Number of protein chains: 2
Amino acid sequence: MIGAAALCAQPASAQYLVKEVGSFHIGGRTVTLDGLPARTIVFSPGSPPVKVDPNGEFDAYQMYVQYVKLERPAAKYPLLLWHGGGLTGVTFETKPDGRPGWQQYFLNAGYDTYVSDAVERGRASFAQYPEIYSSAPFFRSKREAWVLFRIGPSYGNDGQRVAYPDSRFPAASFDQFTKQFVPRWSSNDDATQQAYNAEVDKVCPCIVLMHSQGANFGFNAELATPQKIKAIVAIEPSGFPDLHHVDLQKLKGIPHLFIFGDHLVGPFWEKVHANAHRYAQALSEASAPVTFIDLPARGIHGNSHMLMMDDNSDQVAAIVDGWLRANTR
Amino acid sequence: MIGAAALCAQPASAQYLVKEVGSFHIGGRTVTLDGLPARTIVFSPGSPPVKVDPNGEFDAYQMYVQYVKLERPAAKYPLLLWHGGGLTGVTFETKPDGRPGWQQYFLNAGYDTYVSDAVERGRASFAQYPEIYSSAPFFRSKREAWVLFRIGPSYGNDGQRVAYPDSRFPAASFDQFTKQFVPRWSSNDDATQQAYNAEVDKVCPCIVLMHSQGANFGFNAELATPQKIKAIVAIEPSGFPDLHHVDLQKLKGIPHLFIFGDHLVGPFWEKVHANAHRYAQALSEASAPVTFIDLPARGIHGNSHMLMMDDNSDQVAAIVDGWLRANTR
């Protein structure tokens, strides 16, 4: 126990009174396997070998959620932070260069935070394949990340990395960033959606801030339970519900913020960006207020896909926080 | 920002002033793959298909460490919490029944905490096999966990779970516990040890509290850098350095606490328990002070292998905290 006197001594900006740090798993189901041959495993050096039965009941398709609850949150609603593809909640923690990330920023700003690992990633765990998952995992190489995440235009076969001259990504810490990578499967979207929906049911009303691949899950969760969603912040969303198959009218009044960075060149990003504007326009026509920020149009240049890791990430977070203060009540 | 007045309003026992919540990955190396055929993947529904090259540079063998640093820690040294086999740092977070776990307990007690995921587990991620890892993962079934973790003597083919009559494990939350499981490999011990040693180099001086399979890594880290280790807490350690190949004399003066629960029946647990007493005896002979607690001998009955999740886990944590206060300076 820390005494009250110590607690009250000159709190600085990076200090906040925490009620609880905790976590839970949610969603998923039990899968039973049988007919597989036995294995023998030594769990620790020197420990006796144990014959194990690979058959039995296993959990699959659950997700992991970690929260930090403040004693006196200044924000009315908690902030759920949903990561993108091939990544985990670590996206929002300390940045690859060691500076505080968006989790820390929004805790300082007075939000309870819920940082999660989607089904199959990180602490959510994956399930065995082909016995349970129908496909094999895909691992993202450093080269693919460098170019796809728009840190720079090229990454040679010799490992030579060329960054955009105005890049805001901390390129010297790129190898620290790539240690955060986890593999992904392309066959688990339905289960992932169900788990996210279960998180919303449990935790919200709330604000959902989602990145890249996570955004499509957020848009669908919003459509599943619009009354639970107080605001949506889509950071470089890469996928969207099919406008022919959803009713955006039920999102009337829910404020939406879209933010995109710089260097949206090439067919992939041009199409993603056009899709985002099309979805935003449809939201707006359905009376769901939309703020769409293309950072370069505001004179903010050089941002990568990993906005929350760029060296001006606090500036972008401040835009998000200011917008939330103005648009949630 | 939360005002100082709010921060100082009647702090209760589950409140502490946090300086920073953060994380880092440490250890590991880059592995280069080539010669594998290309794949095409749709990353999000509706997003354009992307042709991906499975070749390139990948990170492998790093581990993940998450910390909560208090503004004014009452304890002189941070507490590193190392999980056991088939699990992650979630072991020490909120318990399966929703009550606070040991991370929360020791934060309340004034320790900075470092909760990690070992190489291959959780947010540390795993690397592809057979291309990088040499073996396939092993998944623990519910049945194996029920019996191996000594929640009860039997788990029938019909899923019927029989708990020990005096079991302290929250059996009604067993299915929540099993959602925490992650697979393990038996081929990564050297890399795991290197990553743990790197964590100690970066974070310590410190206290290491380790569970089950994690204990062998802790004993070896201690031998690698004894000057960094202020105390060792071994919760049901399952593996030990080979006494013929290590010099325990260098651990002179480092205090060690061993704790075991109940129902240590059958050849596996009888051998583990005997090995623990043998290692403790050798430490003691090398002038490393040892406290060995068999909880039943103190009248505390029914504890499972997951002491930090049992319904008397706070009682066990209080024993650890009291011992640390008396034995570290």
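Residues numbered from 1 in each chain as written. Chains lettered and ligands numbered in written order. Predicted model: local features only at pLDDT ≥ 70, side-chain atom pairs only at ≥ 80, totals over all residues. Heavy atoms only, no water.

Under an unreviewed UniProt entry, chain A has the name Esterase and belongs to Paraburkholderia antibiotica.

Colleague: Please explain the overall build of chain A as it appears in this structure.
Modeller: When you go through chain A residue by residue, the secondary structure sums to eight helices and 14 strands. Against the compact-globule benchmark of 20 Å for 329 residues, chain A has a radius of gyration of 21 Å, which places it among compact chains. Here the C-alpha coordinates of chain A stretch approximately 60 × 55 × 45 Å along the principal axes. When the 329 residues of chain A are sorted by exposure, 64% land in the buried category. Partitioning the contacts of chain A with sequence separation of at least 6, the portion at a separation of at least 24 is 76%. (Helix = DSSP H or I, 4+ residues; strand = E, 2+ residues; numbered from the N terminus. Rg over C-alpha atoms; globule rule 2.2 N^0.38 Å. Buried < 20%, exposed > 50% of the residue type's maximum accessible area, 1.4 Å probe, protein only. Contact = heavy atoms within 4.5 Å.)

Colleague: Got a minute to help me understand unusual backbone geometry in this structure?
Modeller: Glycine aside, residues mostly have negative phi, and peptide bonds are mostly found in the trans state. Put simply, tyrosine 129 of chain A and proline 130 of chain A share a cis peptide bond, and its omega is 0°. Counting through the fold element by element, proline 130 of chain A comes out in the loop between strand 8 (113-117) and helix 3 (142-148). The residue after cysteine 204 of chain A, namely proline 205 of chain A, is reached through a cis peptide bond having omega 25°. Along the chain, the position of proline 205 of chain A falls in the loop between helix 5 (189-203) and strand 11 (206-211). Positive phi is not limited to glycine here, since tyrosine 61 of chain B has a value of about 75°. In this fold, tyrosine 61 of chain B is placed in the loop between strand 5 (56-60) and strand 6 (63-70).

Colleague: What's the story with the state of the cysteines in this structure? I'm lost.
Modeller: As used in these notes, a disulfide is a covalent bond between sulfur atoms, one from each of two cysteines. Residue and element names in this part refer to chain A. By the definition in use, this model includes two disulfides over all chains. A sulfur-sulfur separation of 2.1 Å characterises the disulfide bridge that pairs cysteine 204 with cysteine 206. Judged by the torsion about the S-S bond (65°), the cysteine 204/cysteine 206 disulfide is right-handed. Each of the two residues, cysteine 204 as well as cysteine 206, counts as buried. (Disulfide = S-S within 2.5 Å.)

Colleague: Which parts of the structure should I look at to understand the packing of aromatic side chains?
Modeller: Given two aromatic rings, their pairing is described by the distance between the two centres and the angle made by the two planes. As enumerated under the stated definition, the model contains 59 aromatic pairs over all chains in all. One aromatic cluster in this structure is built from Tyr61, Phe126, Tyr129, Tyr133, Phe139 and Trp185 of chain A together with Tyr61, Phe126, Tyr129, Tyr133, Phe139 and Trp185 of chain B. The ring of tryptophan 269 of chain A has arginine 150 of chain A lying over it, and the distance from NZ or CZ to the ring centre is 4.6 Å. Here the guanidinium or amino end of lysine 202 of chain B rests over the ring plane of phenylalanine 24 of chain B, the centre of that ring lying 4.7 Å away. (Phe/Tyr/Trp six-rings, centres within 6.5 Å; stacked < 30°, edge-to-face > 60°. Lys NZ or Arg CZ within 6 Å of the ring centre and 35° of its normal.)

Colleague: What is the right way to read the pairing of strand 11 of chain A from this model?
Modeller: Remember that side chains alternate between the two faces of the sheet whenever the strand is regular. Residue and element names in this part refer to chain A. For strand 11, the tally of buried residues reaches six of six residues, placing the bulk of the element in the interior. Side chains Cys206, Val208 and Met210 project from strand 11 onto one buried face, and the interleaved Ile207, Leu209 and His211 project onto a second face that is buried too. Across four bridges, strand 7 (residues 79-82) lies against strand 11 in parallel orientation. Paired with tryptophan 82 across the strands is methionine 210, a residue of strand 11. As defined by bridge partners, strand 11 adjoins strand 12 (residues 229-235) across six bridges and the pair is classed as parallel. Paired with isoleucine 207 across the two strands is alanine 231, which belongs to strand 12. Handedness of the strand 11-helix 6 (residues 213-224)-strand 12 crossover: right-handed. (Pairing = 2+ DSSP bridges. Right-handed = clockwise from strand over helix to strand, strands pointing away.)

Colleague: Can you walk me through the relation of the copies chain B and chain A in this structure?
Modeller: One copy of the chain maps onto the other through a rotation about an axis plus a displacement along that axis. The two copies are related by a screw operation: chain B maps onto chain A through 180° of rotation and 0.0 Å of translation along the axis, at an RMSD of 0.0 Å. Both copies of the chain, as the preceding transformation shows, are related through a two-fold rotation axis. (Least-squares fit on C-alpha atoms with pLDDT ≥ 70 in both.)

Colleague: Would you explain helix 8 (residues 313-327) of chain A in this entry?
Modeller: Along an α-helix, a turn takes 3.6 residues, which lines up residues three or four apart on a common side. Residues and elements named next belong to chain A. With 15 residues, helix 8 extends 21 Å from end C-alpha to end C-alpha; this agrees with the ideal 21 Å at 1.5 Å per step. Ser313, Val316, Ala317, Ile319, Val320, Asp321, Trp323 and Leu324 are the residues of helix 8 that are buried. Buried residues along helix 8 sit against helix 2 (102-108), strand 11, strand 12, strand 13 (256-260) and strand 14 (290-294). (Expected span 1.5 Å × (residues − 1).)

Colleague: Explain the interface of chain B and chain A here, please?
Modeller: Frequently, the measure chosen for interface size is the accessible area removed from exposure when the parts meet. Facing the 101 residues of chain B at the interface are 102 residues of chain A. Counting the surface lost from both chain B and chain A, the interface buries some 8,500 Å², and carbon and sulfur atoms represent 54% of this. Summed over the shared surface of chain B and chain A, the result is eight salt bridges. Aspartate 59 of chain B is paired through a salt bridge with lysine 142 of chain A; the nearest N and O atoms lie 3.0 Å apart. The tally of links between chain B and chain A comes to 44 residue pairs in polar contact (both at pLDDT 80 or more). Residue contributions to the side of chain B that touches chain A peak at 10 residues, all from strand 1 (residues 16-26) of chain B. Among the residues making up the side of chain B that touches chain A, the classes are represented as 44 nonpolar, 37 polar and 20 charged. For strand 1 (residues 16-26) of chain A and strand 1 of chain B, the ladder comprises three bridges, and the chain directions are antiparallel. (Buried area = accessible area lost by both parts, 1.4 Å probe. Salt bridge = Lys/Arg side-chain N within 4 Å of Asp/Glu carboxyl O. Polar contact = N/O pair within 3.5 Å; in protein donor to acceptor, adjacent residues only side chain to side chain. Nonpolar A, V, L, I, M, F, W, Y, C, P; charged D, E, K, R; others polar.)

Colleague: What exactly am I supposed to notice about the packing of helix 5 of chain A against helix 6 of chain A here?
Modeller: Angle between the axes and distance between the axes are the two parameters that describe a pair of packed helices. All names here are of chain A. Running from amino to carboxyl end, helix 5 crosses helix 6 at an angle of 55°, the nearest separation of the two axes being 9 Å. Between helix 5 and helix 6, the angle falls in the class oblique. Every pair of crossing elements has a handedness; the one defined by helix 5 and helix 6 is right-handed. Taken together, the residues of helix 6 that come into contact with helix 5 (itself represented by Asp189, Thr192, Gln193, Tyr196, Asn197 and Val200) are Gln213, Asn216, Phe217, Asn220, Ala221 and Ala224. Here the residues of the contact of helix 5 with helix 6 are counted per class, giving five nonpolar, six polar and one charged. (Axes fitted to C-alpha atoms, helices over the stretch in contact; angles between N-to-C directions. Parallel < 35°, antiparallel > 145°, perpendicular 65-115°, else oblique. Left-handed = near helix turned anticlockwise from the far one by under 90°.)

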